[in-house]
Amino acid sequence: AQKITQTQPGMFVQEKEAVTLDCTYDTSDPSYGLFWYKQPSSGEMIFLIYQGSYDQQNATEGRYSLNFQKARKSANLVISASQLGDSAMYFCAMRENNNNDMRFGAGTRLTVKP
Amino acid sequence: GAGVSQSPSNKVTEKGKDVELRCDPISGHTALYWYRQRLGQGLEFLIYFQGNSAPDKSGLPSDRFSAERTGESVSTLTIQRTQQEDSAVYLCASSLVGGRLTDTQYFGPGTRLTVL
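Quick caveat: nothing in here was measured; it's all calculated off a predicted structure.

1. Observations concerning the overall build of chain B
Point 1. A count of helices and strands for chain B gives zero helices and 10 strands.
Point 2. Traced from its N-terminal end to its C-terminal end, chain B shows the element sequence β-β-β-β-β-β-β-β-β-β.
Point 3. Taking 13 Å as the expected radius of gyration for a compact globule of 116 residues, we find that chain B reaches 13 Å, a close match to that expectation.
Point 4. Dimensions along the principal axes, computed over C-alpha positions, put chain B at roughly 40 × 25 × 25 Å.

Listed below in structure tokens is the structure:
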């Protein structure tokens, strides 16, 4: 069963504007972690932000913030003040407690327009 | 310090040949992961090593795939009798301790495997 769903195969945003990338997940484990990674054209996966299922506040890292809605099982990534260098694939991932693997979504390709 | 490195960066092979892919994790990282990424898709977990514990091989797609790790250092992923469907980017990641939800994985640049 698909555990991570990213419904937006591609997104466009104007430079300097904010953009939200959607991610929903499915788990019965009460303890889990959610991750967002950026994959530029070079292919390397770059860690952006982490949210724990028991965290009370939404995670933030610089221009990245995570809109965590636990009851809806969504963990959307918000990028503020988009830059041209933000153009890349973005992957949402989840790791359940006591599981070694991390499940990834299919990704969203973000293109920032000048 | 150095990040995760992988070699070769690109590998082209003929169907039926064996290939070995190498991963050097970040020094001091005890956990190591292998993933496969097919074109235009997300990552598929293959295998996980944690220290001297038995590896978690639950993601290996067939018995043609195997991996080894020497202690807490280099790992090799071997694909025997390669098939065209094995064509993908193989990504390696390492993390400090493994087994924790907050454990962030750091990825290497990947090896692009093409099976003709």
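Still to come is the rest of the account.
2. Remarks on the side chain of D29 of chain A
Residues and elements named next belong to chain A.
Point 1. Mapped onto the elements, D29 comes out in the loop between β4 (24-25) and β5 (32-39).
Point 2. Polar side-chain contacts of D29 include one of 2.9 Å to the backbone nitrogen of S31.
Point 3. Residues contacting D29, with those up to four places away along its chain left out, are E96 and N97.

3. What to know about the sheet that holds strand β7 (residues 75-79) of chain B
All names here are of chain B.
Point 1. Judged by pairing direction, the sheet is antiparallel, and its four strands sit side by side in the order β1-β3-β7-β6 without closing on themselves. Strands with a single pairing partner mark the edges of an open sheet, and in this sheet they are β1 (5-7) and β6 (65-69). Across the sheet, the mean angle from the axis of one strand to that of its neighbour is 15 degrees, orientation sign disregarded.
Point 2. With five bridges joining them, strand β3 (residues 19-24) and β7 adopt antiparallel strand pairing.

4. A short note on the layout of surface pockets
Point 1. Counted as a void, the largest pocket has a volume near 540 Å³.
Point 2. Contributions of two or more residues to the lining of the largest pocket are made by β10 (88-96) and β12 (108-113) of chain A together with β8 (88-95) and β10 (111-115) of chain B.
Point 3. Counting residues per element, the lining of the largest pocket draws most heavily on β10 of chain B, which supplies four residues.

Scoring rules and cut-offs
- Residues numbered from 1 in each chain as written.
- Chains lettered and ligands numbered in written order.
- Predicted model: local features only at pLDDT ≥ 70, side-chain atom pairs only at ≥ 80, totals over all residues.
- Heavy atoms only, no water.
- Helix = DSSP H or I, 4+ residues; strand = E, 2+ residues; numbered from the N terminus.
- Rg over C-alpha atoms; globule rule 2.2 N^0.38 Å.
- Polar contact = N/O pair within 3.5 Å; in protein donor to acceptor, adjacent residues only side chain to side chain.
- Contact = heavy atoms within 4.5 Å.
- Pairing = 2+ DSSP bridges.
- Axes fitted to C-alpha atoms, helices over the stretch in contact; angles between N-to-C directions.
- 1 Å grid on protein atoms, 1.4 Å probe; cavity = no way out; pocket = protein on both sides within 12 Å on 5 of 7 lines; lining within 4 Å.
- Points joined across faces, edges and corners; volume = space filled by probe spheres on them.

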